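Read off the chains here:
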Amino acid sequence: MASPLFVRNDMLPPLPPPAGERGVVKWLRENLFSSVLNSVLTLLACLAVLWLASFILPWLAHSVWNASSLAECREKIAASFGPEAAGPCWAVIRLRWNQFLFGLYPQAEYWRPTTAAALMMVSLSPVLYYGLRRPALNITVTMTVLLVLALIGLGTDWGHIVLSVAIMLALMAVAATAPKRLLWLTLLFPFIAFFLIWGGPIWTAVGTLAGFVIFALVWQFVQKPLGVVVGAGVGLVVAAIWWTSLQSSVTGVLAAALPWGLPYVVSDNIGGFLLAFVIGITAISASLPIGVLLALGRRSDMPLIHSLSVGFIEFFRGVPLITVLFAANFLLLYFLPPRTNFDLILRVIIVVIIFASAYIAEVIRGGLAALPRGQYEAADALGLDYWQAQRLIIMPQALKISIPGIVSSFIGLFKDTTLVALVGLMDPLQGVTKIVRSDNAWKGLYWEPYIFVGGIFFLVCFSMSRYSMYLERKLKTDHR
Amino acid sequence: MAEASKKMVVSDEVAIQITAMNKWYGQFHVLRDINMTVQRGERIVICGPSGSGKSTLIRCINRLEEHQSGQIIVDGTELTNDIKNIDKVRSEVGMVFQHFNLFPHLTILENCTLAPIWVRKVPRKEAEETAMHYLTKVKIPDQAHKYPGQLSGGQQQRVAIARSLCMKPRIMLFDEPTSALDPEMIKEVLDTMIQLAEEGMTMLCVTHEMGFAQAVANRVIFMDKGQIVEQNEPREFFNNPQSERTKLFLSQILGH
Ligand SMILES: Nc1ncnc2c1ncn2[C@@H]1O[C@H](COP(=O)(O)OP(=O)(O)OP(=O)(O)O)[C@@H](O)[C@H]1O
Ligand SMILES: [Mg+2]
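About the thresholds
Residues numbered from 1 in each chain as written. Chains lettered and ligands numbered in written order. Predicted model: local features only at pLDDT ≥ 70, side-chain atom pairs only at ≥ 80, totals over all residues. Heavy atoms only, no water. UniProt positions renumbered as here; feature names shortened; annotations may be inferred. Axes fitted to C-alpha atoms, helices over the stretch in contact; angles between N-to-C directions. Helix = DSSP H or I, 4+ residues; strand = E, 2+ residues; numbered from the N terminus. Parallel < 35°, antiparallel > 145°, perpendicular 65-115°, else oblique. Left-handed = near helix turned anticlockwise from the far one by under 90°. Contact = heavy atoms within 4.5 Å. Near = heavy atom within 4 Å. Polar contact = N/O pair within 3.5 Å; in protein donor to acceptor, adjacent residues only side chain to side chain. Areas by Shrake-Rupley, 256 points an atom, 1.4 Å probe, with all protein chains shown as cover. Nonpolar A, V, L, I, M, F, W, Y, C, P; charged D, E, K, R; others polar.

An unreviewed UniProt entry lists chain B under the name Amino acid ABC transporter ATP-binding protein, from Fuscibacter oryzae.

In the nomenclature of an unreviewed UniProt entry, chain A is known as Amino acid ABC transporter permease of Fuscibacter oryzae. Regarding chain A, the UniProt comment filed under Sequence similarities (unreviewed entry) reads as follows: "Belongs to the binding-protein-dependent transport system permease family. HisMQ subfamily."

See the structure below:
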């Protein structure tokens, strides 16, 4: 028998991996025709796609872009493609796109929401790329260009174009010199947007902002001796006193002395995608921090905070959104001091925030539960206090785990903004479409507005979903 | 391992004083009447069978676990429900865990500077210099900008030690720091710990590395069923164990 001895005398050098087959044919064979069953399924799927296309493509090919009424559209289609042919009449979108975007917002004021949109993108840059000069500048420059084009396209007068561009140039200077400062724009943006979109005296926005400043100051002051939670509570009470009983008289005096402002736009006229974005974006940005607090509250050891959080979350997850929207419409007024004229859109925004926070809280709780206990222990052992541990160790990881869930909630929330039609607001899907179809010229129109609105919703939601995937890849540091 | 390292100074100053301490998990009496005193500069190895309460004991010392009766005084501060005392003790006591517990979303350097910056309020630049100093000491300065997930187990554990040291603790607790590691990596972690011992750090170490105990410990404590069964100077402890329980345990871990 041979001896089992084996000794390697020369070590093998590393070799590159084999090249392998490449190309379309290989991909097809591996992915689509790897077995008989797969080949059959591939063929069936192709047939189904062809079958659908055979209906949709001719229909799309018959599109009419220039017409002043549905009847004219039909005539044109009949003239070109025969009496049996059907086709979409995009002319309605061409003529009425501004109502889909802005509802009944006065034409002369279109520059205001448009500028607000550009400012929003700029104020997002420190959130997405904090302190990075290049992206901040890119976003600001791109937005300035787009804004000028949009304002010219909307037929804005030169005075307001110059004003808007001046603001953007100032922001560009900030982005170029101190990109971190843009965070101030982010903090102020809600008030700027509120002022731009609704108009009225500037002091209303300033007064509301002052309430938040009061809240922050009182909180800072009380937090030292009494703790974070008590501080926040006291701050909230003081701010509420300011908002409900002091603000209107103070801002009234200021408005009489310095009557600065923009023409007031009533909420009934705010509609279309403007409304969807106002509600969606406010709810998205407010529900995340509130959801984080609720999730922490639900995991808290303090029985009162725990049960309040659980009650809140379970209640709002248990009722349909439509119920809370109706509540916003009728009930909320009973809880407010009499004679406060609280705008319907604001009331709807508040309930949508509450509703979305409950969902976000549960998504984040899932992320928290997925973190190993060792992370908490290591944070404790290093002497970090509760809020430091949450902010620096726990939340960054929990939020990262929760990104897909959070974005799903956001996408659902954005699509749900169309439900506000049920309380009489002019959402793009039903509200605006109804107005368009009530015009005699377009009576009987059906698919076109829905396809257009649906397409825009798809674009927005699809971008959110892609962004979340980008974020997940970018934040992947665990290399597991 | 060098016998010489044992000649280090042990001062009279008391670092940790535990008196008549008891702890229960629900109905289960995990720690029973624990009494022990640790002088500053002492290096103590705690061993014992699985489930004997070793981890629980050292986790009580920085209040990761609460005790129900008796007294624990660390560096002159008694551990009570007072958050201030707890935070003070925790920033004086470093802890190294069996599973490292590094923060996976932060780089090695950020892991090491986080607590000094936020707890000790050290300026970032100074914190980074300190961190690099300790990372050099544990021999991985070149990994500072990687993430924990990119390091081997032994490297991660050395980072965990450096992270604790960055807080300049006066006492270090180790809970089985090498038992999740491959044999090759155990040595690199033990070398780091020996070096630390030679510099006079007060150390409490739960470990089954008897070589380490013989090389650096002043005292070995043997625990069973939540009690301290035997404690002795290491050479006597290994060569001349007194209780039957200790003899059985030693024969099991040294026998093969
Ligand atoms: N959170 C807990 N709740 C209830 N029982 C616990 C808990 N943690 C530990 N125990 C029990 O307490 C006892 C002591 O646990 P401990 O982790 O201190 O043991 P140990 O000596 O460190 O063991 P090992 O060598 O396996 O780490 C064990 O019986 C364990 O089951
Ligand atoms: Mg243990």
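Colleague: Could you give me a rundown of the packing of helix H8 (residues 182-198) of chain A against helix H9 (residues 202-226) of chain A, with the residues and numbers involved?
Modeller: Residue and element names in this part refer to chain A. Relative orientation of the contacting elements H8 and H9 amounts to 155°, with a least axis distance of 9 Å. If you check the angle between H8 and H9, you find them roughly antiparallel. In the packing of H8 onto H9, the handedness of the crossing is right-handed. On H9, the residues that touch Leu188, Phe191, Phe194 and Phe195 of H8 are Ile202, Thr204, Ala205, Thr208, Leu209 and Phe212.

Colleague: Please set out the UniProt feature "domain: ABC transporter" (unreviewed entry) in chain B residue by residue, giving values where relevant.
Modeller: UniProt annotation of "domain: ABC transporter" (unreviewed entry) refers to residues 16-250 of chain B when read in the numbering used here. In residues 16-250 of chain B, helix accounts for 39% and strand for 26%; the two terminal C-alpha atoms are 27 Å from one another.

Colleague: So what about the site of ligand 1? Which residues, and what values?
Modeller: All names here are of chain B. Lining the immediate environment of ligand 1, one finds Tyr25, Phe28, Val30, Pro49, Ser50, Gly51, Ser52, Gly53, Lys54, Ser55, Thr56 and Glu176. Between ligand 1 and the protein, one listed contact pairs an oxygen atom with a backbone N or O atom of Gly53 at 2.9 Å. Taking Lys54, its side chain carries an N or O atom lying 2.8 Å from an oxygen atom of ligand 1. Isolated, ligand 1 exposes 640 Å² of accessible area, and the fraction of that covered by the protein chains is 59%. Listing elements by their share of the shell around ligand 1, those giving two or more residues are strand S2 (28-39) and helix H1 (54-61). If one sorts the elements of the shell around ligand 1 by residue count, H1 sits on top with three residues. Partitioned by chemical class, the residues of the shell around ligand 1 number four nonpolar, six polar and two charged.

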